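Observations on the model geometry
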Amino acid sequence: MHSVKSSILLVLILIIPFLLKLKGYEPYPAILFPDGSGNLVKENNQIDIYVKEVYALDKNNAWRKVDANRFFSPVPGKYFSYGIMRDFQLGLTEAKRHKILKRFHIESPDVPVSDIKERNDWIKSKLEKQQLNSSVIRIAVVRHIYSADSGKLIAKHIKNDKILYLDK
């Protein structure tokens, strides 16, 4: 009977943050779970890894990779990938509904225009500190091909990219 009581208590403790998240509130401090395990496929003695990278135009109108450490300073640059995984939410300008939210007939909260402007201004200021054009960024999925024997980078290819305008 003790096990049932503790299980019910655990469910009640965990359901509160879940319900808050459904309503659009992020409980603080947020609990970040690991991504889990992943598999690397080795073909022809090569290993392919896909990485999202952010580029911006420099003064010569050439695309230059954004330095993650300088962009997120004082936050460590290793967290840069979490921001670009969702393209900095730059496509999010109106309420969108997620599959789970649709099932419960709950709408995602609207993103206020002031928040969008504040986010864009923050991104622009970080780009200007690196002497980059702050009106447009390019988020690219880059395929890194490594040698399985030596571990050295053999080639890099842009597989997919998206241009995002910060002034719109």
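Residues numbered from 1 in each chain as written. Predicted model: local features only at pLDDT ≥ 70, side-chain atom pairs only at ≥ 80, totals over all residues. Heavy atoms only, no water.

1. Comments concerning the side chain of His144
Here His144 is to be found in strand β4 (residues 136-147). Judged by relative accessible area, His144 falls into the buried class, the value being 8%. Among residues more than four places away in sequence, those in contact with His144 are Ile47, Asp48, Ile49, Val51, Glu53, Leu153, Ala155 and Lys156. (Helix = DSSP H or I, 4+ residues; strand = E, 2+ residues; numbered from the N terminus. Buried < 20%, exposed > 50% of the residue type's maximum accessible area, 1.4 Å probe, protein only. Contact = heavy atoms within 4.5 Å.)

2. Quick notes on helix α5 (residues 113-128)
When the terminal C-alpha atoms of α5 are compared, their 22 Å separation across 16 residues agrees well with the 22 Å that a helix rising 1.5 Å per residue should span. Three or more residues of α5 are buried, namely Ile116, Arg119, Asn120, Ile123, Lys124, Lys126 and Leu127. All buried residues of α5 project into a common sector of 165 degrees when viewed along the axis, lining one side. In α5, the exposed positions that point more than 90 degrees away from the buried face belong to Lys117 and Glu118. Each element contacted by the buried residues of α5 is listed here: β2 (46-57), α2 (68-72) and β4. (Expected span 1.5 Å × (residues − 1). Arc of directions from axis to C-beta.)

3. Some details on the pairing of strand β5 (residues 153-165)
Across 11 bridges, β4 lies against β5 in antiparallel orientation. Bridging from a neighbouring strand, Arg138 pairs with Ile163 of β5. Between β4 and β5, which pair antiparallel in sequence order, lie 5 residues; one of them, Gly151, sits at a positive phi of approximately 80 degrees. (Pairing = 2+ DSSP bridges.)

4. Here's the deal with the confidence of the model for the protein
In this model, the protein carries an average pLDDT of 76, and 70% of its residues clear a pLDDT of 70 or more. Per-element averaging of pLDDT across the protein places helix α4 (residues 99-103) at the bottom with 57 and strand β3 (residues 63-65) at the top with 90. (pLDDT = per-residue confidence, 0-100.)

5. Some thoughts on unusual backbone geometry
If you check the backbone angles, Asn45 has positive phi at about 60 degrees while not being a glycine. Inspection of the secondary structure puts Asn45 in the loop between β1 (42-43) and β2. Backbone geometry at Gln131 places phi at a positive 55 degrees, although glycine is not the residue there. Structurally, Gln131 is set in the loop between α5 and β4. Taking the relative accessible area as the measure of exposure, Gln131 reaches 45% and is therefore partly exposed.

6. With respect to the nonpolar core
Looking at soluble globular proteins, one finds that nonpolar side chains tend to be buried together. Grouped together as the largest cluster of nonpolar side chains are 12 residues: Val54, Ala56, Val66, Phe71, Phe72, Ile123, Leu127, Leu132, Ile137, Ile139, Leu164 and Leu166. Looking at this core, the elements that each hand over two or more residues are β2, α2, α5 and β4. Not counting chain neighbours up to four residues away, the residues in contact with Ala56 comprise Ala62, Trp63, Arg64, Val66, Leu127, Leu132, Asn133 and Val136. (Core = buried A, V, L, I, M, F, W, Y, C linked by side-chain atoms within 4.5 Å.)

7. Looking at a nonpolar patch on the surface
Nonpolar side chains collect at one region of the surface, where Val4, Ile8, Val11, Leu12, Ile15, Ile16, Phe18, Leu19 and Leu20 lie side by side and expose about 790 Å² of accessible area between them. Within the element layout of this structure, Val4 appears in helix α1 (residues 2-22). For Val4, a relative accessible area of 46% translates into the label partly exposed. (Patch = residues over 30% accessible without salt bridge, like charges linked within 9 Å, V, L, I, M, F, W, Y side chains within 5 Å. Areas by Shrake-Rupley, 256 points an atom, 1.4 Å probe, with all protein chains shown as cover. Salt bridge = Lys/Arg side-chain N within 4 Å of Asp/Glu carboxyl O.)

8. As for the pattern of salt bridges
Inspection of the entire model under this criterion finds 4 salt bridges. In this structure, Glu53 and Lys65 form a salt bridge, with 3.6 Å as the shortest nitrogen-oxygen distance. One end of the pair, Glu53, is in strand β2; the other, Lys65, is in strand β3, and 12 residues separate them in sequence. Taking the relative accessible area as the measure of exposure, Glu53 reaches 4% and is therefore buried. Linking Asp161 and Arg138 is a salt bridge whose minimum nitrogen-to-oxygen distance equals 3.0 Å.

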